[in-house]
Structures are given as C-alpha cells and as structure tokens.
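This is what each chain is made of:
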Amino acid sequence: QVQLVESGGGLVQPGGSLRLSCAASGSIFSINAMGWYRQAPGKQRDLVAVVTSGGSTNYVDSVKGRFTISRDNAKNTVYLQMNSLKPEDTAVYYCNAEVFSSDYTVIYDYWGQGTQVTVSS
C-alpha cells in the first residue's frame, strides 16, 4: 500500500556530511509524523529525529546541533541532513512514516528498508 524508499547513505570520514532522503509512495491520504531511526549491530533501534506535519522537530540529544530533519509534504519526502559526523553515528538508518486513513481513525506505521551510514577514517 505504502512504500518508503531511502537513499543517500554511504561511507564518510569523521567530520563529513551526508544527506539522507526518504520518499513515500502509494496510497497515501495524509501523513502525520515522519522520522529517522538508526540501529547499530547488536543495538536497539533508536529514534534520531522526527518532524510533524506542521514542521515541529525533535532530536535525540546526541545529534542536536549536527543533524537537521525536514520534509516536503507535497512530495511526501523526509530528509536528514547530517553534519559533523562521528564514528558513533555509524548505523543503519531507517525512515518511518505515520500514515492516516482517510477518516483519521486508523494509523498505519511504515518503514523503509534502511540505508547504511558508515563514519570511519
């Protein structure tokens, strides 16, 4: 019904920058929040940043001041600009979207396939 496709991951040196994109497609009436999560091997999947339909943002403390989440509602796309990257940012990054039913009574939670971000010298 809804697919999320991520792009932009890769290998960068510490201090470098990377921009992740996630485009939602399919049967979409309305999306509330969109966010980015990350998971390192052997670790839990944690929220990195979230942006609401109104543009409000929240970040995990470890990325505040370095990462910026944004969205283009017309394109159903969310972005994560990552600056001053650190080795501890290395993880698989997953896009998430909360998709509402047409009458706003049901929420469907969708995930992207994940994109690898590796920060290493």
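Presented here is an overview of the structure given in this document.

### Description of the sheet that holds strand S3 (residues 18–26)
At step 1: The strand order across the open sheet built from 4 strands is S1-S3-S8-S7, with neighbouring strands paired in antiparallel fashion. The open sheet has two free edges, formed respectively by strand S1 (2–7) and strand S7 (67–72), since each of these has just one partner strand. If you compare each strand with its neighbour and ignore which way they point, the axes differ by 15° on average.
At step 2: Sheet topology places S1 next to S3; 6 bridges connect them, and they run antiparallel. Note on S3: the bridge partner recorded for Leu 4 is Ala 24.

### Section: the nonpolar core
One broad trend across soluble globular proteins is that nonpolar side chains are buried collectively.
At step 1: Counting 28 residues, the largest nonpolar core has Trp 36, Leu 80, Met 82 and Tyr 93 as its most contacted members.
At step 2: Elements supplying a minimum of two residues to this core: S1, S3, strand S4 (30–39), strand S5 (46–51), S7, strand S8 (77–82), strand S9 (91–100) and strand S11 (115–119).
At step 3: With 5 residues, S9 is the single largest residue contributor to this core.
At step 4: If sequence neighbours within four positions are ignored, Leu 80 has contacts with Leu 18, Arg 19, Leu 20, Trp 36, Val 48, Ala 49, Phe 67, Thr 68, Ile 69 and Tyr 93.

### Details of the packing of aromatic side chains
How two aromatic rings sit relative to each other is set out by the distance from centre to centre and by the angle between their planes.
At step 1: If you walk through the whole model with that rule in mind, you get 3 aromatic pairs.
At step 2: Plain terms: the ring middles of Phe 29 and Tyr 104 are 5.7 Å apart, the flat faces sit at 75° to each other, and that makes the pair edge-to-face. Residue Phe 29 is located in the loop between S3 and S4, and its partner Tyr 104 is located in the loop between S9 and strand S10 (107–111); the two are separated by 75 residues in the primary sequence.
At step 3: Measuring from centroid to centroid gives 5.6 Å for Phe 100 and Tyr 104, while their planes differ by 45°, and the two rings are tilted.
At step 4: With a relative accessible area of 15%, Phe 100 lands in the buried category.
At step 5: Through successive ring pairs, a cluster of aromatic residues spans Phe 29, Phe 100 and Tyr 104.
At step 6: Taking the ring centre of Tyr 79 as reference, the NZ or CZ of Arg 19 above it sits at 4.3 Å.

### Thoughts on the side chain of Asp 89
At step 1: One can find Asp 89 in the loop between S8 and S9.
At step 2: Relative accessible area serves as the criterion here: at 1%, Asp 89 is assigned to the buried category.
At step 3: Among the polar contacts listed, one links the side chain of Asp 89 to the side chain of Arg 66, at a separation of 2.8 Å.
At step 4: Reaching out from Asp 89, the side chain makes a polar contact with the backbone nitrogen of Lys 86 at a distance of 2.8 Å.
At step 5: Discounting chain neighbours no more than four positions away, the residues touching Asp 89 are Arg 38, Val 63, Arg 66, Phe 67, Ser 84, Val 117 and Val 119.

### Examining the state of the cysteines
Such a bond, covalent and formed between the sulfur atoms of two cysteines, is termed a disulfide.
At step 1: Taken as a whole and assessed by the stated rule, the structure comprises 1 disulfide.
At step 2: Here Cys 22 pairs with Cys 95 through a disulfide, and the sulfurs are 2.1 Å apart. The disulfide joining Cys 22 to Cys 95 has a torsion of about -85° about its S-S bond and is therefore left-handed. With Cys 22 in strand S3 and Cys 95 in strand S9, the pair connects residues that are 73 residues apart, well separated along the chain. The same class applies to Cys 22 as to Cys 95, namely buried.

Reading the values: the criteria
Residues numbered from 1 in each chain as written. Predicted model: local features only at pLDDT ≥ 70, side-chain atom pairs only at ≥ 80, totals over all residues. Heavy atoms only, no water. Pairing = 2+ DSSP bridges. Helix = DSSP H or I, 4+ residues; strand = E, 2+ residues; numbered from the N terminus. Axes fitted to C-alpha atoms, helices over the stretch in contact; angles between N-to-C directions. Core = buried A, V, L, I, M, F, W, Y, C linked by side-chain atoms within 4.5 Å. Buried < 20%, exposed > 50% of the residue type's maximum accessible area, 1.4 Å probe, protein only. Contact = heavy atoms within 4.5 Å. Phe/Tyr/Trp six-rings, centres within 6.5 Å; stacked < 30°, edge-to-face > 60°. Lys NZ or Arg CZ within 6 Å of the ring centre and 35° of its normal. Polar contact = N/O pair within 3.5 Å; in protein donor to acceptor, adjacent residues only side chain to side chain. Disulfide = S-S within 2.5 Å.

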